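The lines below spell out each chain.
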Amino acid sequence: MSTLNVNGRRHTVDIDPGTPILWALRDTLGLSGTKFGCGAALCGACTVHLDGQAIRACVTPVSAAEGKRLATIEAVTDGRDRVGAAVHAAWVQHDVAQCGYCQSGQIMSATAFLKSLPKGTQPSAADIDAAMAGNICRCGTYARIRAAVADAAKALA
């Protein structure tokens, strides 16, 4: 048995502690917003926050989350997270999603990046590209992603 704090709620799950967080979220808790992409932490589709840091849920075991706070796309875009709300609004404004599959991971990475910046900091295009480099978009919406992250940063200033 493992106890996970997911999106501010405690869940006791009967799962092997070595199971990747992704499967605990999707299969056990029914939180399907976090996507399976590659299973090797290369594409970023499974990005979640563990104590505020962007991690790859497909390779991080449940045991690593015990006693820590997990946040998924469901919590970041529900309107209660100021930075997540700004990122989500910018995503919609820039019509970032094409097929949409990678977008939850993209939004999670963008949110963690913006939260890591000192208040009022406006990241350069190179800063945004470096922060988002671990997330692959097969549709190639990188210019829209960069513009959305920049606009979210401006909205948060």
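Refer to the structure printed above.
Note that the structure is a prediction, hence the values are computed from the model and not measured. (Residues numbered from 1 in each chain as written. Predicted model: local features only at pLDDT ≥ 70, side-chain atom pairs only at ≥ 80, totals over all residues. Heavy atoms only, no water.)

**Here we look at the sheet that holds strand β5 (residues 69-71)**
The strands making up a sheet associate through backbone hydrogen bonding, with each pair oriented either parallel or antiparallel.
Turning to step 1, where the next piece is worked out: One open sheet holds the 5 strands; their spatial order is β2-β1-β5-β3-β4, and the pairing between them is mixed. Looking along the sheet, the strands with just one partner apiece sit at the ends: β2 (9-13) and β4 (53-56). Within this sheet the neighbouring strands show an average axis-to-axis angle of 40°, counted without direction.
Turning to step 2, where the next piece is worked out: Pairing of strand β1 (residues 2-6) with β2, which is carried by 5 bridges, proceeds in the antiparallel orientation. (Pairing = 2+ DSSP bridges. Helix = DSSP H or I, 4+ residues; strand = E, 2+ residues; numbered from the N terminus. Axes fitted to C-alpha atoms, helices over the stretch in contact; angles between N-to-C directions.)

**Re the nonpolar core**
Turning to step 1, where the next piece is worked out: Within the largest apolar cluster, 24 residues are counted, with the highest numbers of intra-cluster contacts made by Val87, Trp91, Leu114, Ile145 and Val149.
Turning to step 2, where the next piece is worked out: For this core, the secondary-structure elements that each account for two or more residues are α2 (73-76), α3 (82-93), α4 (103-116), α5 (125-132) and α6 (142-156).
Turning to step 3, where the next piece is worked out: Of the residues forming this core, the biggest block, 7 residues, is contributed by α6.
Turning to step 4, where the next piece is worked out: Setting aside its immediate chain neighbours within four residues, leucine 114 contacts Val83, Val87, Pro123, Val149, Ala152, Ala153 and Leu156.
Turning to step 5, where the next piece is worked out: Val13, Leu25, Val62 and Ala65 belong to the second-largest nonpolar core, a separate cluster that totals 18 residues. (Core = buried A, V, L, I, M, F, W, Y, C linked by side-chain atoms within 4.5 Å. Buried < 20%, exposed > 50% of the residue type's maximum accessible area, 1.4 Å probe, protein only. Contact = heavy atoms within 4.5 Å.)

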